[in-house]
Amino acid sequence: MKTLHQSPTDPAFVQDPYPFYAKARDAGALHYWQDYDMVAAFRKSAVHMLLRDRRFGREIPAEMATPGPAHLAPFLAVEAHSLLDAEPPRHTRLRKLVMRAFTSRAITALEADIAQLCHDLIDAFPDQPFDLLQAYCTQVPIVTICRLLGVPEEMAPQLLDWSHRMVAMYQAGRTEETEHSAAEASAAFSDYLRSYIDQRRSDPQDDLITRLIAAEEAGDSLTTDELIGTCILLLNAGHEATVHALGNGVKTMLEQGWDPAWLTEDGIDQLVEEILRYDPPLHMFTRYAYEEAEVFDHTFQRGDQVALLLGAANRDPAVLDDPEVFNPSRPAKTNTSFGGGLHFCVGAPLARLEMRIALPILFQRCPDLRLAEKPEYSDSYHFHGLNRLMVSR
Ligand code: HEM
C-alpha cells in the first residue's frame with residue numbers, strides 16, 4: 001500500500017482535488033492517506049464495496065467511545081441521537097421511524113411549491129452582478145426544508161447560522177473555536193426545537209415534525225431527544241449539500257456552456273445525475289472496522305478507520321468512459337454522491353426533485369446568465385462548494 005501526502009487545506013487541492021484522486025486511483029484501490037492518518041479508498045469498486053460491507057460502520061466501536069470534552073457536550077448530545085451516527089439495531093429503528101414520516105407523497109407534494117419559490121426568488125434578482133449562491137442556490141433548499149418540517153421560513157437565516165457552525169466540525173482545519181461555536185449552536189438549536197416540538201404536540205399540523213412525533217412502529221416511537229436529533233439532522237443535511245450541488249452544477253454549466261436539451265423533461269434527470277457525479281458537494285465519509293477484515297489485500301483491525309472518497313469513485317475510468325468530461329447527454333449511471341448501503345441518503349429524492357425543478361426554471365428565466373467573476377471553492381474539505389457564485393443576467 002502506498003502512502004499519500006495531501007493536505008486537505010492545500011489551496012490547489014481545495015480548488016481542484018480531481019488530479020490527486022486520479023493519481024491515487026491509478027496507483028491502487030487502497031492507500032494510506034497520511035494527512036488523515038487512515039487508509040482511504042479511491043476506486044469505485046472499493047468505495048462501493050466498503051459502503052455495503054457490514055463489517056464496517058459509522059458508529060464508533062463501544063470500547064473506543066469516550067465521553068468527549070465537557071465544552072462539546074451539547075454538540076455530542078445531538079450526534080448521539082442521530083441516525084447518521086448509529087448502526088443496527090439502533091439505526092434500523094430510527095431510520096424506520098423517520099421513513100414513516102419522510103414519505104415520497106410528502107416529497108412529491110412539494111413540487112408546485114418549489115417551482116413557485118424558484119420564480120419568486122428570480123423575480124427578486126437584482127440587475128447588478130449578484131451572488132447566485134446566496135440569492136438562489138441557498139434559498140431553494142433552506143426554504144423547502146423549513147416548509148417540509150413545518151419550521152417558520154423567517155427562521156431560515158438562523159437555521160443557516162446554526163447549521164454552518166455545526167457542520168464546521170466535520171471540515172478540515174477545525175479549531176477549539178469551531179468546537180465552542182458548534183456547541184453553542186447545538187444548544188440553541190436544541191432549545192428552539194424542544195419548545196417547537198412541544199408546541200406541535202398540542203397543536204398538530206400537516207408537517208414533517210408532526211408526522212415524526214406521531215411516527216410509530218410496532219408500538220415504538222421517537223423520544224424527544226431523538227426527535228430533536230432527527231430534526232437537526234434533516235434541517236442541516238436538508239440544505240448543506242443541495243446548496244452546493246446546485247452551485248457546482250450552475251458553475252460547470254456557465255463555464256463549459258450548456259445545451260437547452262439538457263433542461264427538457266427528457267434531459268433533466270441525466271443533467272442532475274451528471275452534475276452530482278461530476279462535481280459532488282460531499283467528497284469523503286469514513287467508516288470504522290468492527291472486526292478483522294481483509295479487503296483489497298489490506299487487513300483492517302477492529303477500530304481502524306477507512307475513508308471513502310465519493311468524489312474520486314465518481315470519476316473512475318474503470319466504470320465510465322471519459323469520466324473527467326462533463327457530459328449530461330451520457331446515459332445516467334448510479335453515482336456514489338448519495339452514498340450507498342444502510343446509510344444511503346434519506347433526502348436523495350428531495351435533493352433530486354429540487355435540482356430538477358430549480359435548474360430549468362433558472363436557465364429558462366435567465367437565458368443570458370453568465371459568470372461575473374471566476375468562482376472559487378471554499379476551504380472546507382470534505383465539503384466541496386463555492387464561496388460565492390457572482391453572476392450577471
Ligand atoms: C445533493 C444533496 C445531497 C447529497 C450529495 C447528500 C449526500 C449524503 C450522503 C453521501 C450520505 C451518506 C453518508 C455516509 O454514508 O456516511 C447522506 C446521508 C443522509 N442524508 Fe443526504 N445528501 C443530500 C441531501 C440531503 C437532503 C435534502 C436531506 C434531507 C432532507 C438529507 C438527509 C440525509 C440523512 C438523514 C442521512 C443519514 C441517513 C442514514 O444514516 O441512514 N440529505 N447524504
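The paragraphs below set out a description of the structure included in this document.

Reading the values: the criteria
Residues numbered from 1 in each chain as written. Predicted model: local features only at pLDDT ≥ 70, side-chain atom pairs only at ≥ 80, totals over all residues. Heavy atoms only, no water. Helix = DSSP H or I, 4+ residues; strand = E, 2+ residues; numbered from the N terminus. Expected span 1.5 Å × (residues − 1). Contact = heavy atoms within 4.5 Å. Near = heavy atom within 4 Å. Polar contact = N/O pair within 3.5 Å; in protein donor to acceptor, adjacent residues only side chain to side chain. Nonpolar A, V, L, I, M, F, W, Y, C, P; charged D, E, K, R; others polar. Donors = N, O, S within 2.8 Å, 3.2 Å for Na, K, Ca; no water. Salt bridge = Lys/Arg side-chain N within 4 Å of Asp/Glu carboxyl O. Buried < 20%, exposed > 50% of the residue type's maximum accessible area, 1.4 Å probe, protein only. Pairing = 2+ DSSP bridges. Patch = residues over 30% accessible without salt bridge, like charges linked within 9 Å, V, L, I, M, F, W, Y side chains within 5 Å. Areas by Shrake-Rupley, 256 points an atom, 1.4 Å probe, with all protein chains shown as cover. Lys, Arg positive; Asp, Glu negative; His and termini not counted. Charge placed at Lys NZ, Arg CZ, Asp CG, Glu CD. Axes fitted to C-alpha atoms, helices over the stretch in contact; angles between N-to-C directions.

### A look at helix H5 (residues 90-101)
Look at H5: 17 Å from first C-alpha to last across twelve residues, which is about the 16 Å you get at 1.5 Å a residue. For H5, the elements touching its buried residues are helix H12 (208-214) and helix H13 (224-256).

### A word on the site of the ligand
Neighbouring the ligand are 30 residues; Arg58, His91, Arg287, His343 and Cys345 lie closest to it. Arginine 287 is positioned with one of its side-chain polar atoms (N or O) 2.6 Å from an oxygen atom of the ligand. For the shell around the ligand, the elements supplying multiple residues, two or more each, are H5, H13, strand E6 (284-289) and helix H16 (348-365). The leading source of residues in the shell around the ligand is H13, at seven residues. A breakdown of the residues in the shell around the ligand according to their chemical character gives 20 nonpolar, seven polar and three charged.

### Some remarks on the coordination of the iron atom of the ligand
Counting protein donors around the iron atom of the ligand gives one, Cys345 (SG), at 2.3 Å. Relative to the helices and strands, cysteine 345 is located in the loop between helix H15 (310-313) and H16.

### Overview of the pattern of salt bridges
Summed over the entire model, instances satisfying the criterion amount to 24 salt bridges. Its salt-bridge partner being aspartate 206, residue arginine 211 comes within 3.5 Å of it at the nearest N-O pair. Residue glutamate 274 pairs with arginine 277 through a salt bridge whose shortest N-O separation is 2.9 Å. A residue pair is termed a helical-turn pair when its members lie 3 or 4 positions apart in one helix, as glutamate 274 and arginine 277 do in helix H14 (residues 268-278) at three residues. Here glutamate 274 matches arginine 277 in class, with each residue buried. Salt bridges linked by common partners bring Arg25, Arg315 and Glu324 together as one network.

### Brief notes about the sheet that holds strand E10 (residues 370-371)
Here three strands make up an open sheet; going across it, the order is E5-E13-E10 and the pairing antiparallel. Edge positions in the sheet fall to strand E5 (130-131) and E10, since each has one partner strand and no second.

### Focus: a negative patch on the surface
Taken together, Glu291, Glu292, Glu294 and Asp297 make up a surface patch of like negative charges. Mapping aspartate 297 onto the fold places it in the loop between strand E7 (293-295) and strand E8 (298-300).

### Considering the sheet that holds E6
Pairing within the open sheet is mixed, and its six strands lie in the order E1-E2-E3-E9-E6-E4. The open sheet has two edge strands with one neighbour each: strand E1 (3-4) and strand E4 (56-57). The sheet contact formed by strand E3 (residues 38-41) and strand E9 (residues 305-309) spans three bridges and is parallel. Opposite alanine 40, over in E9, you have alanine 307 as the bridge partner. Those strands touched by helix H2 (residues 18-27) are E1, strand E2 (30-33) and E9, and its axis lies near 130° from that of E2.

That is the geometry; function is a separate question.
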